[in-house]
Structure formats: structure tokens, C-alpha cells
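Below, each chain spelled out in residue letters.
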Amino acid sequence: MSGTATPSPPPSGPGPVADLELKPALEAVLMVVDEPATEEHLARVLQRPRRAVADALRELADEYTRQGRGFELRQVAGGWRYSTRDTYAEAVESFALDGQQARLTQAALETLAVVAYRQPVSRSRVSAVRGVNCDGVMRTLLQRGLVAEAGTEPETGAILYVTTHYFLERMGLRGLDELPELAPFLPEADAVEGESREGVPSFDVDDSGDTQT
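To start, this report covers the structure provided alongside it. (Residues numbered from 1 in each chain as written. Predicted model: local features only at pLDDT ≥ 70, side-chain atom pairs only at ≥ 80, totals over all residues. Heavy atoms only, no water.)

With that settled, the discussion passes to the pairing of strand β5 (residues 159–163). Among the five residues of β5, five are classified as buried, and the element is accordingly described as predominantly covered. Along β5, one buried face is formed by Ile159, Tyr161 and Thr163 and the opposite face, lined by Leu160 and Val162, is buried too. The sheet contact formed by strand β3 (residues 121–122) and β5 spans two bridges and is antiparallel. For Val121, the partnering residue across the bridge sits in β5 and is Tyr161. Bridge analysis of strand β4 (residues 147–152) against β5 gives four bridges, and the strand direction is antiparallel. Its bridge partner being in β5, Thr152 is matched across the sheet by Ile159. (Buried < 20%, exposed > 50% of the residue type's maximum accessible area, 1.4 Å probe, protein only. Helix = DSSP H or I, 4+ residues; strand = E, 2+ residues; numbered from the N terminus. Pairing = 2+ DSSP bridges.)

Take a look at the structure:
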């Protein structure tokens, strides 16, 4: 027998995630999900039994309702996600309409370009093309009415996004067929970052160089 020691197998069993308090862990995960998260998925990543996760989710939803929070935890499309409570819809609408007058950032313009050329497209696909997370930017475009949800992707259940009639109006286009020929550059993230600055029809630009709607 050789004197070489046999490597020990990696430790088995729950990792440190299983030691976290369940409800705060669920809140932290649900704050960053793109799409409704299923109980099975949450149970797997948090290393807990599905029943414990399901009970904790319902308890959180009840707690938010009792506390009168401006958001709620809802079960939609087979999963769970946060959403604005209907009672405060007018506040959200006021914020969204006020945002219509704000300027679009370069990141927002580039994200809008990817949606325009790839639609219908999921949020994760847009992030993959741009090479950066675009969750916040996509929310801004939704609030401005430049993009809208258009069903879900059959394979993954991810929400799909398309541009709106308001987008066409702001761009001065009669239809998407009038968009410049930029699509061949989109499969490569580097091309999107470079070409989208030059090839995408821009919104009004003020003297400071900031792009605005």
C-alpha cells in the first residue's frame, strides 16, 4: 500500500445558509428576484423544507397586511414576489408620471435599444446582452411607459418585454420596421455597448450632454 493519504470527501449536510433565520432570508431573496420565486426554488436555495418555506411566506404576507405596509407579498404565476399594495396605486402613479419628465440615462437608452431590437425579450436576456444587471433600468422604462410586459417565456416563465406605442411616438417612428439596422451587432455584448451609443436614435439632448425624453 502506498503511504499517500486518501483525500477526505467534502463535508456533507446543510451549509451556513441553513443557519440563517428563515423569514429575513426569504425577504432578502425576494427583494432581488426578477420573476416570481417558487416555494421549491426558495426551499432549495435556503436549504429548508418546502413546508417550512410555504408557512413562512404566508406568515410574512399576513404580517404585511396587518401592519398596513405599502407593499404586499403575493403568490402569482406559481411563485411569490413583492408588489405595491393597491391602496397606494395613486402614489405610485404620481411618481411614475413625474418620472416621465426626467432624463433617461445612457444605461436606460442602451437597455431600451436591446428591448427594441430583441422584443419580446426577458429581463435576464437584456442583462446578458448588456453584460450588466438591468433590473432598476427596466423598472424605470416601465414607469415611463416606454416598455410593457407582454406575457411570459414558455420555457422559463420569465416575463417578456416589448416597446410601446409611446416609444414609437417619442422616437418619431411609424413602426418598428423603421428602426435603423443595428440588430446584427446585438449578439455580442461589446457591440451593444459600443454601437448602441452611435446607432440608436437618441432622445433630445440638452447642452450639458445629458440625454432626456
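On to unusual backbone geometry, then. Here the amide bond leading from Gln119 into Pro120 is cis, since omega sits at -5°, within 30 degrees of zero. Within the fold, Pro120 resides in the loop between α5 (106–118) and β3. Even without a glycine there, the phi angle at Gln47 is positive, about 55°. Tracing the sequence through the fold places Gln47 in the loop between α2 (39–46) and α3 (50–67).

Here we come to the pattern of salt bridges. Applying the stated criterion across every chain, the model contains nine salt bridges. The partner of Lys23 in a salt bridge is Glu63, and the shortest N-O contact between them spans 2.7 Å. With a gap of 40 residues between them, Lys23 in helix α1 (residues 22–30) and Glu63 in helix α3 connect regions that are remote in the sequence. A relative accessible area of 23% places Lys23 in the partly exposed class. Judged by its relative accessible area of 21%, Glu63 is partly exposed. Residues Arg51 and Asp55 are paired through a salt bridge, measuring 3.6 Å at the closest nitrogen-oxygen approach. Taken together, the residues span about one helical turn, with Arg51 and Asp55 both in helix α3 at a distance of four residues. Overlapping salt bridges, with partners in common, bring together Glu39, Glu40, Arg50 and Arg58 in one network. (Salt bridge = Lys/Arg side-chain N within 4 Å of Asp/Glu carboxyl O.)

By themselves, these are just geometric observations and shouldn't be taken as functional.
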